[in-house]
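# Close look at the chain arrangement
The chain contents come next:
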Amino acid sequence: MKTYPAEPYRIKVVEMPNMLNREERIEAIQTAGYNTFQLKSEDCYIDLLTDSGTNAMSDRQWAGLMIGDEAYAGSRNWAHLEATVKEYYGFKHIVPTHQGRGAENILSKLMITPGTYVPGNMYFTTTRFHQEANGAQFRDIIIDEAHDSQIDLPFKGNIDLAKLQALIDEVGPDKIPYICLAVTVNMAGGQPVSMKNMRDVRELCDKYGLKVYYDCTRCVENAYFIKMREEGYADKTIKAIVKEMFSYADGATMSGKKDGLVNIGGFLATNDDELYTKAREMVVVYEGMPSYGGMTGRDMEAFAIGIKESCVFEYICHRVEQVAYLGDKLISAGVPVVQPIGGHGVFLDARKFLPHIPQEHLPAQSLAAHLYMESGVRAMERGVVSAGRNKDTGENHMPKLETVRLTIPRRVYTYAHMDIAADAIIKLYENRDSIRGLKFVYEPPMLRFFNARFDYVS
Ligand SMILES: *Cc1c(COP(=O)(O)O)cnc(C)c1O
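Criteria and thresholds
- Residues numbered from 1 in each chain as written.
- Predicted model: local features only at pLDDT ≥ 70, side-chain atom pairs only at ≥ 80, totals over all residues.
- Heavy atoms only, no water.
- Helix = DSSP H or I, 4+ residues; strand = E, 2+ residues; numbered from the N terminus.
- Expected span 1.5 Å × (residues − 1).
- Phe/Tyr/Trp six-rings, centres within 6.5 Å; stacked < 30°, edge-to-face > 60°.
- Buried < 20%, exposed > 50% of the residue type's maximum accessible area, 1.4 Å probe, protein only.
- Lys NZ or Arg CZ within 6 Å of the ring centre and 35° of its normal.
- Salt bridge = Lys/Arg side-chain N within 4 Å of Asp/Glu carboxyl O.
- Near = heavy atom within 4 Å.
- Polar contact = N/O pair within 3.5 Å; in protein donor to acceptor, adjacent residues only side chain to side chain.
- Areas by Shrake-Rupley, 256 points an atom, 1.4 Å probe, with all protein chains shown as cover.
- Nonpolar A, V, L, I, M, F, W, Y, C, P; charged D, E, K, R; others polar.
- Core = buried A, V, L, I, M, F, W, Y, C linked by side-chain atoms within 4.5 Å.
- Contact = heavy atoms within 4.5 Å.

### Quick notes on helix H12 (residues 313–332)
Since there are 3.6 residues in each turn of an α-helix, residues three or four apart along the chain are aligned in direction. In a regular helix each residue adds 1.5 Å, so 20 residues correspond to 28 Å; H12 covers 27 Å between its end C-alpha atoms and thus fits that length. Immediately beyond the C-terminal end of H12, within one or two residues, lies Gly 334, with a positive phi of roughly 85°.

In structure tokens, the structure reads:
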């Protein structure tokens, strides 16, 4: 039997969550219009809405806050963060930003001209928005298997080199400002990219003089998968693997809210002197001076320490295996989930879970609401509600993947919490016939998943 590593930490401070009873939870979700986004965080016992900014910081990071140097220029914490990113990620230049999307904004504005194409291994919402807002078309070049929830592959986030070659042949290298390579791929369920694939992408891009920028938000989780799954990496340290990954990149955008082990922060990294000079100028108007970019001195100190802690093997092993524990438990019970289990969360396949509810009746939305009522666990719909409507026809997008996402915050919950979530999901699965579909009673025109309200279909 597979074993899972014990928590590699001792708990020094605890937060006491409210534990509402079933009647109170039913009242709370009704008040929220059956939308888990509209629940109060304090009404959730176990909050798996996102792994973004929900990290628990270490005692060293909290101590780091106390040595925050809030000078407008020349802060020592900036020096620490810059040196840490250079040492661990290996890039030549760093420009700080308030979070990942701030870096995406600057990179897109400086690199993209209208009428160009940015290929990527599946899209991420804000990344794609910035690319398109600057006049590029996004092209998905991830391997086909990534779009199928039931194909088990070790590196399901890989770029399909034939798709990249086809795009180069179709539009020409001059029309491709850069390739966006995400490690891991969030929207595919946290699936990793192999080192071989990164090397191959680099080689192909060098042939045409193309730049490669990584979305390195979950780069440490990706490095862990390489160590465990790819030949030749079992004996390498996480730090060495992370550094090798970035040796095939021209730069990267980073959200510290994920693998940076902090609650806010980000940066743009690049080896390009000219881009760096322009980014340092541009960051001033969007984020702040190039020695803080929207972060406080104390934020930067915690971020620098977080980057170092994230590359400790015991930490990342527990983090990824804790997610796998929840997924494996559900798989053993026959619950349909997206496979293989990725680095940051478990995705329930709501179409297979609730085959009697047609997609128009929002099975994933209903499942997320029932999970909360059953257990106080908050998850998120990632299906037809999140996908929205086609701008031209007004029709609902009907995505192939209709999922409920259970994202696990880093260092926050224990295996016992995972058991509570798993047991509640298994119980719902056994009683799935009693779950009914939902309909919109209020549908906002934009980003509808956030503020929408629902009720049962009659
Ligand atoms: C969260 C995220 C971003 C954006 O980062 P923010 O810090 O939320 O702005 C970009 N890419 C991926 C893959 C992410 O998960």
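### Here we look at the packing of aromatic side chains
Applying the stated criterion across every chain yields a total of 17 aromatic pairs. Summarising the aromatic geometry, the rings of Tyr 4 and Tyr 325 are spaced 5.0 Å apart at their centres and angled 85° between planes, so their arrangement reads as edge-to-face. Of this pair, Tyr 4 sits in the segment before helix H1 (22–31) while Tyr 325 is found in helix H12, placing the two residues 321 residues apart along the sequence. Note on Tyr 325: relative accessible area 16%, which makes it buried. Taken together, the ring pairs in this structure connect Tyr 89, Phe 91, Tyr 214, Phe 246, Phe 267 and Phe 303 into an aromatic cluster. Between the NZ or CZ atom of Lys 227 and the centre of the ring of Phe 313, over which it lies, the distance is 5.4 Å. Over the face of the ring belonging to Tyr 456 we find Arg 436, whose NZ or CZ atom lies 4.5 Å from the ring centre.

### A few points about the pattern of salt bridges
Per the stated rule, a full pass over the model turns up 31 salt bridges. In this structure, Lys 352 engages Asp 349 in a salt bridge whose closest nitrogen and oxygen atoms are separated by 3.5 Å. Look at Asp 349 and you get buried, because its relative accessible area is 6%. Between Glu 443 and Arg 389 there is a salt bridge, with the nearest N and O atoms lying 2.8 Å from each other. Pair noted here: Glu 443 is in the loop between strand S13 (438–442) and helix H17 (448–451) and Arg 389 is in the loop between helix H15 (384–387) and strand S12 (403–407), with a separation of 54 residues, a long-range link. Taking the relative accessible area as the measure of exposure, Arg 389 reaches 38% and is therefore partly exposed. Look at the salt bridges and you will find they share partners, linking Asp 51, Arg 218, Glu 221, Asp 259, Arg 319 and Arg 410 into a network.

### Regarding the site of the ligand
In the neighbourhood of the ligand, 14 residues make up the surrounding shell, with Gly 100, Arg 101, Asp 215, Ser 255 and Lys 258 lying closest. For the ligand, an oxygen atom lies 3.0 Å from a polar atom in the side chain of Asn 186. A distance of 3.0 Å separates an oxygen atom of the ligand from a polar atom in the side chain of Lys 258. Coverage of the ligand by the protein amounts to 96% of the 380 Å² it exposes when considered alone. Elements that contribute at least two residues to the shell around the ligand include exactly helix H4 (100–111) and helix H5 (125–133). Here the shell around the ligand takes three residues from H4, the largest share from any one element. Residue classes in the shell around the ligand are distributed as one nonpolar, seven polar and six charged.

### Observations concerning the nonpolar core
Tyr 89, Met 198 and Tyr 214 are the most contacted members of the largest nonpolar core, which has 62 residues in total. In terms of residue count, the dominant contributor to this core is helix H8 (residues 219–229) (six residues). Setting aside chain neighbours within four positions, we find Tyr 89 in contact with Thr 84, Cys 216, Cys 219, Val 242, Phe 246, Met 254, Phe 267 and Ile 307. Ile 46, Ala 350, Tyr 413 and Tyr 415 belong to the second largest nonpolar core, which has 36 residues in total.

### Quick look at the environment of Ala 56
One can find Ala 56 in the loop between strand S1 (46–47) and helix H2 (59–65). With residues up to four places along the chain from it excluded, the contact list for Ala 56 reads Gln 61, Arg 410, Arg 411 and Val 412.

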